[in-house]
Amino acid sequence: MLNYLWAGMIIVGIIFGAFNGKMPEITNAALDSAREAVSLCITMIGVMSFWVGMMEIATRAGIIQMASKKMGPVIHFLFPRIPKGHKANEYITTNFIANFLGLGWAATPAGLQGMAALADLEKERRRQGIQTVKPGTASNEMCTFLIMNISSLQLISVNVIAYRSQYGSVNPAAIVGAGIVATAASTAAATIYCKVMDRKRS
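Residues numbered from 1 in each chain as written. Predicted model: local features only at pLDDT ≥ 70, side-chain atom pairs only at ≥ 80, totals over all residues. Heavy atoms only, no water.

Enquirer: A description of the pattern of salt bridges should follow, citing residues and the corresponding values.
Expert: Within this structure, the stated rule accounts for 6 salt bridges. One salt bridge in this structure joins Arg 125 and Glu 122, with 2.7 Å as the shortest N-O distance. Placement of both Arg 125 and Glu 122 in helix α6 (residues 104-127) is noted, with a separation of 3 residues, approximately one turn of the helix. Grouping residues by exposure puts Arg 125 and Glu 122 together as buried. A salt bridge links Arg 125 to Glu 141, with the shortest nitrogen-to-oxygen separation between them at 3.6 Å. Taken together, the residues Arg 125 in helix α6 and Glu 141 in helix α7 (residues 140-151) connect sequence positions 16 residues apart. Taken as a pair, Arg 125 and Glu 141 share a single burial class, namely buried. (Salt bridge = Lys/Arg side-chain N within 4 Å of Asp/Glu carboxyl O. Helix = DSSP H or I, 4+ residues; strand = E, 2+ residues; numbered from the N terminus. Buried < 20%, exposed > 50% of the residue type's maximum accessible area, 1.4 Å probe, protein only.)

Spelled out as structure tokens, the structure:
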């Protein structure tokens, strides 16, 4: 859907520019945007590499595992039907920590692994004869994980700070306060919604 939306906007813009004699400006804007895109990618690759590396170091040093134990009550509150010690807990914790630090890119691998672990958990339940969702249907835990991942409370929005720095912001980190308030509100709303829907679905 988004592909059609963006393609339509581009086509309309080009047609409008052609009828109003603005084709040179459109060409210059396209070239400038392409140059800025490459520059931004280089900046973000550096930021992403640094923080993904830090997450990997934290994982190997056992910090993520320790954080997983500390966050146990929170994870159990959100996902009460995931057994303690199940591998999904560690992936979910890693995803939450990465999102908490504003590292959406670093959170993605853990998110995918977490979803795969939750899918394996559903298979285990079916083998044990425990009533569960139909094959091919997202479980309550999967839905909750997806919604919490989207709302994601963020302490430091590293990606947004990097974007603001790239485009010459005088104070790139000024967004931190507003980001904390906005994501705290979205996370609270997501938590309430998930608990209500989980109870209704159960």
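After presenting the structure, the write-up continues.
Enquirer: I'd love a proper account of the nonpolar core, names of residues and values included.
Expert: One finds Phe 79, Ile 82, Ile 92, Phe 96, Leu 118 and Phe 145 to be the most contacted residues of the largest nonpolar core, which totals 14 residues. Within the residue set of this core, elements represented by two or more residues are α4 (72-78), α5 (87-100), α6 and α7. Excluding residues that lie within four positions of it along the chain, Phe 79 makes contacts with Ile 92, Phe 96, Glu 141, Thr 144 and Phe 145. Core analysis: the next-biggest nonpolar cluster, separate from the first, contains 10 residues, Ile 97, Ala 98, Leu 103 and Ala 107 among them. (Core = buried A, V, L, I, M, F, W, Y, C linked by side-chain atoms within 4.5 Å. Contact = heavy atoms within 4.5 Å.)

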